[in-house]
Each structure stands twice: as C-alpha cells, then as structure tokens.
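What follows is each chain in one-letter form.
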Amino acid sequence: MGLQGFERRLERLVEGGFSKAFRSGLQPVEIGHRLTRVLDDGRTLGVNGRAVAPNNVGVYLSPEDFERFRSFAEALARELAEAARQHARDEGYQFVGPVIVTLVPDDTLRTGEFDVVAEIYEGEGGHVGSLVLPDGRRVSLAEAVTSMGRNSDCTVTLEDPRASRRHAEIRPTGDGFLLVDLGSMNGTLVNGVAVRERLLHDGDEISVGATVMRFEAS
C-alpha cells in the first residue's frame, strides 16, 4: 500500500515537470523498494514490545544520478519519507524520532548504482508524531504544545467559521500526545466522537469545525 501511494505521487511529480529525469536510468521507485527492505531488516524490538524501525535514512547515489535528481531532490526525499511512514503503519512498526531521508552523492558508485543506509535515531522527548492537514501539509509534533483555531497566533491557523478562535491543543505527555478541547463552541471530534480529552493513536482523525486532520505516530 505504501509503495503504491509512492508510485502515484511519483507520477504527479513527473506531470509536474520532472519527466526528463525519469525517462531512463535509475528510477525512484527502485529506491522506494530498497528503502522498505532496509526498514524491515533494521527493525528491532522496543521496550513496549512493538517493532522499532530505522528513521534516519541516507540514500547514496552516483554523482551522475544525484545530479539528475537534483532539481527535485527535496520533493523526492519527502515522498520517500512518506513511503517509509506508510510502510511502518502497514507493518505495525513505530519510530522513536522523526523520519528523515537525505540524498547523498557517492563517488564510489557508478551510474545506476545506489545504496540505502538507515539507523534508529531517537528524537527529543522519546515520542514522535505529526498532524496531516487537509491539503497534505504535515505539522511535526514535539515538546511544544500545538494549538489549533482561527487565531493567527495558533500553530495551526484554520480559516474555518465553525472553528473557535482557540479551539483545541495537542499536548505532549509521557504516554504520547493528548488532544484537549479548549471549551470550543462546536466541539472537537476524534473518529467522529466528541471528546474533551483524548490520548491520540496512530491514524486518528481529528475534526475541528469542518476541518478534518489526521494524527500519525511517525
């Protein structure tokens, strides 16, 4: 599922003007397949009994391929990171830090050759999560409180008339991330159920007014 979504997003990248780089030679989907195998091979058992997967990934390319991908390296790294997150959800893996993918040129590699190296890198606070907005943007959750509402000083500013000025917050706790409704007029829903407080779980859908966001524990 993760790689299928990755391939669909790559098609959109091609339509966006990168088709020349995809015509021949090393294909990004090959990197995606290798990445998922590296996550599988590098997983280890966490203290809670769940598998912990590597989250700090280096993709080593030949100088020629690195130059060919340079114009969309940031977008490709972002899509590879999303493929890693989806693969982890599909397999029940967890991460202990943010997923970071970096493309690196390697003079020892010939055109078409590549390597993927990954390690487990613990983020600050021991918990990692993100809020995926309706337009696909991702807001990283960390040790700071994440506020949502119509006020311009909120972390996530919502242009939604049904949202209160300061509608809800996501607060880091020792167990993960706690969603707290701030006495909003229209309430806050998680998976369609109104809540005052709720410890978030991977995949939870948060409704603030008419805006629906998704929590990802990765």
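Residue numbers here run from 1 along each chain, matching the order of that chain's written sequence. The model is predicted, so local features are restricted to residues of pLDDT at least 70 and side-chain atom pairs to those at 80 or more, both for listing and for counting; the totals for chains, interfaces and linings are taken over all residues. Derived side-chain values reflect all non-hydrogen atoms in the structure, with water molecules and hydrogen atoms excluded from consideration.

*Asks:* Give a detailed account of the environment of Gly-183, specifying residues and quantitative values.
*Replies:* Each helix is a run of DSSP H or I of at least 4 residues and each strand a run of E of at least 2, with the numbering of both proceeding from the N terminus. By secondary structure assignment, the location of Gly-183 is in the loop between β11 (176–181) and β12 (188–190). A simple rule labels every residue: compare its accessible area, found with a 1.4 Å probe on the protein chains alone, to the largest value its type can have, and call it buried under 20%, exposed over 50%, or partly exposed in between. Looking at Gly-183, the relative accessible area reads 59%, which means it is exposed. For the pair formed by Gly-183 and His-167, sequence separation is 16 residues and the distance between their alpha carbons is 7.2 Å.

*Asks:* Tell me what's going on with the sheet that holds strand β16 (residues 211–216), and back it up with residues and numbers.
*Replies:* Strands are labelled as partners when DSSP assigns at least two bridges between them. Spatially, six strands are ordered β7-β6-β16-β15-β12-β13 in an open sheet, and the strand pairing comes out antiparallel. Two strands bound the open sheet, and with one partner strand each, they are β7 (138–141) and β13 (193–195). On average, adjacent strands in this sheet sit at an angle of 30 degrees to one another, irrespective of strand direction. The pairing of strand β6 (residues 129–132) with β7 spans four bridges and is classified as antiparallel. Within β7, the position partnered with Leu-131 by the bridge is Val-139. Between the N-to-C directions of two axes lies an angle of 0 to 180 degrees, each axis being a line fitted to C-alpha atoms and, for a helix, fitted only over the stretch in contact.

*Asks:* Run through the side chain of Ser-147, naming residues and quoting values.
*Replies:* You can see Ser-147 is positioned in strand β8 (residues 146–149). Polar contacts involving the side chain of Ser-147 include one to the main-chain amide nitrogen of Thr-155, which spans 2.9 Å. Contact between two residues is taken to exist if any of their heavy atoms lie within 4.5 Å; hydrogens are not considered. Residues within four places of Ser-147 in sequence aside, it is in contact with Asp-153, Cys-154, Thr-155, Val-156, Arg-166, Ala-168 and Glu-169. N or O atoms within 3.5 Å of each other form a polar contact, as long as, within protein, one can give a hydrogen and the other can take it, and as long as residues adjacent in sequence are counted only when both atoms are side-chain atoms.

*Asks:* Describe the packing of helix α2 (residues 28–42) against helix α4 (residues 73–91), and please don't skip the residues or the numbers.
*Replies:* The interhelical angle for the contact between α2 and α4, taken along N-to-C directions, is 40 degrees, at an axis separation of 10 Å. Compared by their axis directions, α2 and α4 come out oblique. Relative to α4, the crossing made by α2 is right-handed. Between α2, through Pro-28, Ile-31, Gly-32, Leu-35, Thr-36, Leu-39 and Asp-40, and α4, the contact on the second element is made entirely by Leu-76, Leu-80, Ala-84 and His-87. Side-chain classes are defined by residue name, with Ala, Val, Leu, Ile, Met, Phe, Trp, Tyr, Cys and Pro counting as nonpolar, Asp, Glu, Lys and Arg as charged, and the others, Gly among them, as polar. Taken together, the residues that form the contact of α2 with α4 break down as seven nonpolar, three polar and one charged. Orientation is classified from the angle alone, with under 35 degrees giving roughly parallel, over 145 giving roughly antiparallel, 65 to 115 giving roughly perpendicular, and any other angle giving oblique. Should the near helix be turned anticlockwise from the far one by less than a right angle, the crossing is termed left-handed; should it be turned clockwise, right-handed.

*Asks:* So what's going on with the pairing of strand β10 (residues 168–173)? Which residues, and what values?
*Replies:* With three bridges joining them, β8 and β10 adopt antiparallel strand pairing. Across the sheet, residue Thr-146 finds its bridge partner in β10, namely Ile-170. In the sheet, β10 pairs with β11 via six bridges, with the strands oriented antiparallel. Looking at the pairing, Pro-172 lines up with Phe-177 of β11. Hairpin remark: β10 followed by β11, antiparallel, with two residues in the connecting loop.

*Asks:* Could you give an account of the nonpolar core, naming the residues involved and the relevant values?
*Replies:* Across soluble globular proteins, nonpolar side chains show a tendency to be buried alongside one another. Residues Ile-31, Val-59, Leu-61, Leu-80, Val-101, Leu-103 and Val-116 are the most contacted members of the largest nonpolar core, which totals 28 residues. For this core, the secondary-structure elements that each account for two or more residues are α2, β3 (56–61), α3 (63–69), α4, β4 (100–105) and β5 (114–119). Examining the composition of this core, we find that seven residues originate from one element, α4, more than from any other. Excluding its chain neighbours within four sequence positions, the residues that come into contact with Val-101 are Val-57, Val-59, Ala-77, Leu-80 and Ala-81. Among buried residues, the Ala, Val, Leu, Ile, Met, Phe, Trp, Tyr and Cys ones that are joined through side-chain atoms within 4.5 Å form a nonpolar core. With 19 residues, the next largest nonpolar core counts Ala-168, Ile-170, Leu-179 and Phe-215 among its residues.

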